[in-house]
Amino acid sequence: MAVDFQHEPHPRVASRKTSGPPKVGENPSGFNQRFAVLLTRVVGTMWCAYAFAVLALIALPSALASGDMLPLIQWVSQTFIQLVMLSVIMVGQNIMSKGADARADATYKDADATFHEAEQIQRHLKAQDQALNSLLDKIATLEAALAAKA
């Protein structure tokens, strides 16, 4: 009775070794995707938020000059908040995206370490199978010798 185990690695193990963790917006293809990523990177900066704030402030005097609350409320909601908050939200999204990419990279490295440990366990088990097979051969030889004496 020999121990005979053949380890068959999952196909994902081989493909994992050739690829890294996916990153958001890493490989845009085509003009539209590249242009959208470019605009997102430009508009998603605090400098763009400051420029939009200055642009919105240009319209503030006319909203105040009317003496009515409605133009002021419209200026705050439609001009200032929409222009400035758009960029500020995009900056926050960019920061959170970098955090997600860092977590994905750490998870990938953890998975890689886990795969390495599993490979070590497989090698250890193979060595144990060889040792067990050697012991089983010795036991079979001893049993045969005892049977021959009896």
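Our structure's up above, just so we're on the same page.
In this report, the structure presented in the accompanying data block is examined. (Residues numbered from 1 in each chain as written. Predicted model: local features only at pLDDT ≥ 70, side-chain atom pairs only at ≥ 80, totals over all residues. Heavy atoms only, no water.)

As a further point, take the overall build of the protein chain. From N to C terminus, the protein chain includes five helices and zero strands. The secondary structure elements of the protein chain, listed N-terminal to C-terminal, are α-α-α-α-α. Taking 2.2 N^0.38 as the reference for a compact globule, 150 residues should give roughly 15 Å; the C-alpha atoms of the protein chain span a radius of gyration of 33 Å, well beyond that estimate. Dimensions of the protein chain along its principal axes, counting C-alpha atoms only, are 120 × 35 × 20 Å. Going through the 150 residues of the protein chain one by one, you find that 15% of them count as buried. Here the contacts in the protein chain between residues at least 6 apart in sequence split such that 76% fall between residues at least 24 apart. When the accessible surface of the protein chain is summed, it comes to about 11600 Å², and 66% of that surface belongs to carbon and sulfur atoms. Averaging the positions of the 13 positive and the 13 negative side-chain charges in the protein chain gives two centres separated by 6 Å. (Helix = DSSP H or I, 4+ residues; strand = E, 2+ residues; numbered from the N terminus. Rg over C-alpha atoms; globule rule 2.2 N^0.38 Å. Buried < 20%, exposed > 50% of the residue type's maximum accessible area, 1.4 Å probe, protein only. Contact = heavy atoms within 4.5 Å. Areas by Shrake-Rupley, 256 points an atom, 1.4 Å probe, with all protein chains shown as cover. Lys, Arg positive; Asp, Glu negative; His and termini not counted. Charge placed at Lys NZ, Arg CZ, Asp CG, Glu CD.)

Further remarks concern the environment of Ala111. Checked against the element boundaries, Ala111 lands in helix 5 (residues 69-149). Considering only alpha carbons, one finds Ala111 and Ile81, 30 residues apart in sequence, at a separation of 43 Å.

A cluster of nonpolar side chains, contributed by Phe31, Phe35, Leu38, Leu39 and Val42, occupies part of the molecular surface with about 490 Å² of accessible area. Mapping Leu38 onto the fold places it in helix 2 (residues 30-43). (Patch = residues over 30% accessible without salt bridge, like charges linked within 9 Å, V, L, I, M, F, W, Y side chains within 5 Å. Salt bridge = Lys/Arg side-chain N within 4 Å of Asp/Glu carboxyl O.)

Take the environment of Lys138 next. Among the secondary structure elements, Lys138 is positioned in helix 5. Along the primary structure Lys138 and Ala2 are separated by 136 residues, whereas in three dimensions their C-alpha atoms are 12 Å apart.

Turning to the packing of aromatic side chains, a few remarks are in order. Within the structure shown, the criterion is met by three aromatic pairs. For the ring pair Phe31 and Phe35, a centre distance of 5.7 Å and an interplane angle of 10° mean the geometry is stacked. A residue pair is termed a helical-turn pair when its members lie 3 or 4 positions apart in one helix, as Phe31 and Phe35 do in helix 2 at four residues. (Phe/Tyr/Trp six-rings, centres within 6.5 Å; stacked < 30°, edge-to-face > 60°.)

Now for the packing of helix 1 (residues 11-18) against helix 5. Interaxial distance between helix 1 and helix 5 falls to 12 Å at its minimum, and their mutual angle equals 130°. Here helix 5 runs oblique to helix 1, going by the angle between their axes. Relative to helix 5, helix 1 is oriented so that their crossing is left-handed. Each of Val13, Arg16 and Lys17 in helix 1 lies in contact with helix 5, whose residues at this interface are Tyr108, Asp112, Phe115 and Glu119. Split by residue class, the contact of helix 1 with helix 5 holds three nonpolar, no polar and four charged. (Axes fitted to C-alpha atoms, helices over the stretch in contact; angles between N-to-C directions. Parallel < 35°, antiparallel > 145°, perpendicular 65-115°, else oblique. Left-handed = near helix turned anticlockwise from the far one by under 90°. Nonpolar A, V, L, I, M, F, W, Y, C, P; charged D, E, K, R; others polar.)

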